[in-house]
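Read off the chains here:
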Amino acid sequence: APVRRMAPHHLLVTLCEPALKHSYDTLIHLADIDRAWRAGVDGELAVRAARRWGIEPALRWGLYFAKQILGTPAEARPPSGALEGWLARWMREDRRWPGLGAVGYLSMAEGWRGKARFVRASFLPPAAEVESFGKRPGRLNAARRVWAAVVSAARGTR
């Protein structure tokens, strides 16, 4: 029976975004990226798709880490900047933690206002959204989440 499948460059981009989201917490994320690349993806088409979808840094990170860890034959450089430097260092030192992907997403927000909006939305989402995850809304609980994130980042561990 005929089966539809994604274009290879779309598959690669689609694999890179959740790998970032999940902080590259399992090797399978990078192994999937490596496999997709080695299957013959057109890198330029992948970059253009990622740029259109607003997740080009996720593609660059995925290819960069796959190259560094698995030897994926991709010419990939990580995004540059202070947040990006932290992310690269934590990965290089194998200090992954669940919030590491958030650092990647924060780095993708444009400008200081965009980054501030991202942080605010991350720690102070609408009350209904917080409750939908079985958590208590409110500023005190938000402060606890902020503190837990700071401690987790400082430790750089799970």
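Please read all numbers here as calculations on a predicted model, not as lab measurements. (Residues numbered from 1 in each chain as written. Predicted model: local features only at pLDDT ≥ 70, side-chain atom pairs only at ≥ 80, totals over all residues. Heavy atoms only, no water.)

A. Structural context of helix H6 (residues 100-108). Burial analysis of H6 places seven of its nine residues in the buried class, the great majority of the element. Every buried residue of H6 is listed here: Leu100, Gly101, Val103, Gly104, Leu106, Ser107 and Met108. Buried residues belonging to H6 abut helix H1 (8-21), helix H4 (56-70), helix H5 (82-92) and helix H7 (111-123). (Buried < 20%, exposed > 50% of the residue type's maximum accessible area, 1.4 Å probe, protein only. Helix = DSSP H or I, 4+ residues; strand = E, 2+ residues; numbered from the N terminus. Contact = heavy atoms within 4.5 Å.)

B. Region of the structure containing the packing of aromatic side chains. The tally for this structure, following the rule as stated, stands at five aromatic pairs. Ring geometry for tryptophan 61 and tyrosine 64: centres 6.3 Å apart, planes at 70°, overall edge-to-face. Placement of the pair is tryptophan 61 and tyrosine 64 together in helix H4, with a separation of three residues, close to one helical turn. Using a relative accessible area of 0% as the deciding quantity, one classes tryptophan 61 as buried. Among the aromatic side chains, those forming a connected cluster through ring pairs are Tyr24, Trp61, Tyr64 and Phe65. (Phe/Tyr/Trp six-rings, centres within 6.5 Å; stacked < 30°, edge-to-face > 60°.)

C. Up close: the pattern of salt bridges. One pass over the full model with this rule turns up four salt bridges. Across the pair arginine 51 and glutamate 56 runs a salt bridge whose closest N-O atoms are separated by 2.9 Å. For glutamate 93, the salt bridge identified is with arginine 89, shortest N-O distance 3.8 Å. (Salt bridge = Lys/Arg side-chain N within 4 Å of Asp/Glu carboxyl O.)

D. View of H4. Compared with an ideal rise of 1.5 Å per residue, which puts 15 residues at 21 Å, H4 spans 21 Å between its outermost C-alpha atoms and is within 8% of the ideal. Looking at the packing, one finds that the buried side of H4 touches H1, helix H2 (27-38), helix H3 (43-53), H5 and H6. Phi for glycine 71, located one or two positions after H4, is positive at around 75°. (Expected span 1.5 Å × (residues − 1).)

E. Representation of the environment of histidine 10 in the model. Residue position: histidine 10 is located in helix H1. For the pair formed by histidine 10 and arginine 48, sequence separation is 38 residues and the distance between their alpha carbons is 9.9 Å. Excluding residues that lie within four positions of it along the chain, histidine 10 makes contacts with Ala49, Arg52 and Trp53. At 3.4 Å, the side chain of histidine 10 forms a polar contact with the side chain of histidine 9. (Polar contact = N/O pair within 3.5 Å; in protein donor to acceptor, adjacent residues only side chain to side chain.)

F. View of the nonpolar core. Counting residues in hydrophobic clusters, the biggest one holds 33 residues, and the most contacted among them are Leu12, Tyr24, Ile33, Leu59, Leu63 and Phe65. The set of elements that each furnish at least two residues to this core consists of H1, H2, H3, H4, H5 and H6. The element best represented in this core is H4, accounting for seven residues. Beyond its immediate sequence surroundings of up to four residues, tyrosine 24 is in contact with Ala19, His29, Leu30, Ala58, Trp61, Gly62, Phe65, Met91 and Arg96. (Core = buried A, V, L, I, M, F, W, Y, C linked by side-chain atoms within 4.5 Å.)

G. A look at the layout of surface pockets. Approximately 280 Å³ is the volume found for the second largest pocket. As for the second largest pocket, its lining consists of Ala121, Ser122, Pro125, Glu129, Val130, Phe133, Lys135 and Arg145. When contributions to the lining of the second largest pocket are tallied by element, the ones reaching two or more residues are H7 and helix H8 (127-132). (1 Å grid on protein atoms, 1.4 Å probe; cavity = no way out; pocket = protein on both sides within 12 Å on 5 of 7 lines; lining within 4 Å. Points joined across faces, edges and corners; volume = space filled by probe spheres on them.)

H. Examining unusual backbone geometry more closely. Phi at serine 23 takes a positive value of approximately 60°, unusual for a residue other than glycine. Counting through the fold element by element, serine 23 comes out in the loop between H1 and H2. On the basis of relative accessibility, which here comes to 1%, the residue serine 23 falls in the buried class. The backbone of tyrosine 24 sits at a positive phi, close to 50°, despite the residue not being glycine. Mapped onto the fold, tyrosine 24 is located in the loop between H1 and H2.

What is shown is where atoms sit, not what they do.
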